[in-house]
Structure formats: C-alpha cells, structure tokens
Amino acid sequence: MTALSGLGTRDGKPPGRWACGWDRSVHNGGPVEAWCCESHSVTDAHETAERVVACLLEWRDWLEDMAERFEQLAPHPDADAEDRSWHLESVVTRLVTAVVNSTHAESSWYGLCETTLTWFLTSTGLGSEEAQKAVEAAIGRFKSHVAPAPTLVDTVGEDLAIRLTGRGFYRER
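Definitions and cut-offs
Residues numbered from 1 in each chain as written. Predicted model: local features only at pLDDT ≥ 70, side-chain atom pairs only at ≥ 80, totals over all residues. Heavy atoms only, no water. 1 Å grid on protein atoms, 1.4 Å probe; cavity = no way out; pocket = protein on both sides within 12 Å on 5 of 7 lines; lining within 4 Å. Points joined across faces, edges and corners; volume = space filled by probe spheres on them. Helix = DSSP H or I, 4+ residues; strand = E, 2+ residues; numbered from the N terminus. Nonpolar A, V, L, I, M, F, W, Y, C, P; charged D, E, K, R; others polar. Salt bridge = Lys/Arg side-chain N within 4 Å of Asp/Glu carboxyl O. Buried < 20%, exposed > 50% of the residue type's maximum accessible area, 1.4 Å probe, protein only.

**Student:** Teacher, can you tell me more about the layout of surface pockets here?
**Tutor:** The probe, sized like a water molecule, is rolled over the atoms to show the empty space still left. Approximately 260 Å³ is the volume attributed to the largest pocket. Together, Pro75, Arg84, His87, Leu88, Phe120, Leu121, Thr124, Gly125, Leu126, Leu164 and Thr165 line the largest pocket. Looking at the lining of the largest pocket, the elements with two or more residues in it are α3 (81-103), α4 (109-123) and α6 (150-165). When residues in the lining of the largest pocket are grouped by element, the largest group, three residues, is from α3. Class assignment for the residues of the lining of the largest pocket results in six nonpolar, four polar and one charged.

This is how it looks when you write it as structure tokens:
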C-alpha cells in the first residue's frame, strides 16, 4: 500500500503491532480524530487510504507521547512504599488528564484510560494481570461522556496507589 509510505517507518516496512488501535476514534473512546466509523470514514480507495494513514500517524503520535510520559513519570527505583504511593497518585492524575484531553471524554473513553494506566504500570515492572486488576478496580467509577471531576481523579489515584503499595500517601501524616 503506497499510502503507508507516509508513515516513515524506520525499516521501510509497513506498520507493525503498534498499529493496533489506529481506528480508536474519539467517538469510540480513543485519541484518533481522523476516523469516525466505516459509514462516515470509508469513501473512495484513495481518500480512505489517506484517512487511514492520517489515523495511523495520530495513533503513533499518541503512543510516542505516552512512551515519553511513561519515561518521565517512572518512579525512582529506591522509593519507599509511601513515596511510591504518592508518586503513583500523581501519575494517575497526569495520565487520566491526558486521556480525557485526547478523547474529549467521549463514549467509553475510560477504556483507553484503563489501557494507558495498565501500560504504565507494566512499564514499571508490575505484572500485566495484577496491573489490569488494580486498574479495573480503581477506575470503575468513570462514565462515558462524562469527564471525571478532579476529586474523583484524586480518589481513583489514591485507591490505585493504596491497592498497589499498601500504603496511604503523604496526607495521612
């Protein structure tokens, strides 16, 4: 597909596994704005291919932004449980805010939030099953088409931090 040449892959090959999610449109809880649904986004072959490439680029931008954030937000390896708890709360606030901003809190936006938080936790060495369970339990109060209030995001961050570290955070002192 010649339209994929616009993706600028380093090895000249078509996109790999990272491309899964290219069609996670804002209308379905994702960060991709160039895609709506098949009935609105699929037209003639050339225009559709250009739209798919635009979506792939948007998705890749999202993934690269998250990778940078994960690197910046990684906890210090020598942090004690209380510091890890505080740090995790802060991370949740930042990542949930990034997801809400990218998805506009549209339908099922919390699905991308769940994925993003799980990816972050696994990037820090937590097992994927444990990360998934902890995130699912913490974000169950998020709703479609509703941006969470800052107090709810704080509560979710606190719940997740306590669940994973067994410790409360600095406000308990």
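**Student:** Explain the pattern of salt bridges to me, please; I cannot follow it from the model alone.
**Tutor:** Opposite charge on two side chains permits them to pair, given that their charged atoms come into close proximity. Throughout the structure, instances matching the rule amount to five salt bridges. Residues Glu47 and Arg51 are paired through a salt bridge, measuring 3.4 Å at the closest nitrogen-oxygen approach. Linking Glu47 with Arg51, this pair stays in helix α2 (residues 45-73), spanning four residues, or about one helical turn. Judged by its relative accessible area of 33%, Glu47 is partly exposed. The partner of Asp65 in a salt bridge is Arg69, with the nearest N and O atoms 2.9 Å apart. Within this pair, Asp65 and its partner Arg69 are both found in helix α2, separated by four residues, close to a single helical turn. You can call Asp65 partly exposed: its relative accessible area is 28%. In this structure Arg69 comes out as partly exposed when scored by relative accessible area, which is 28%.

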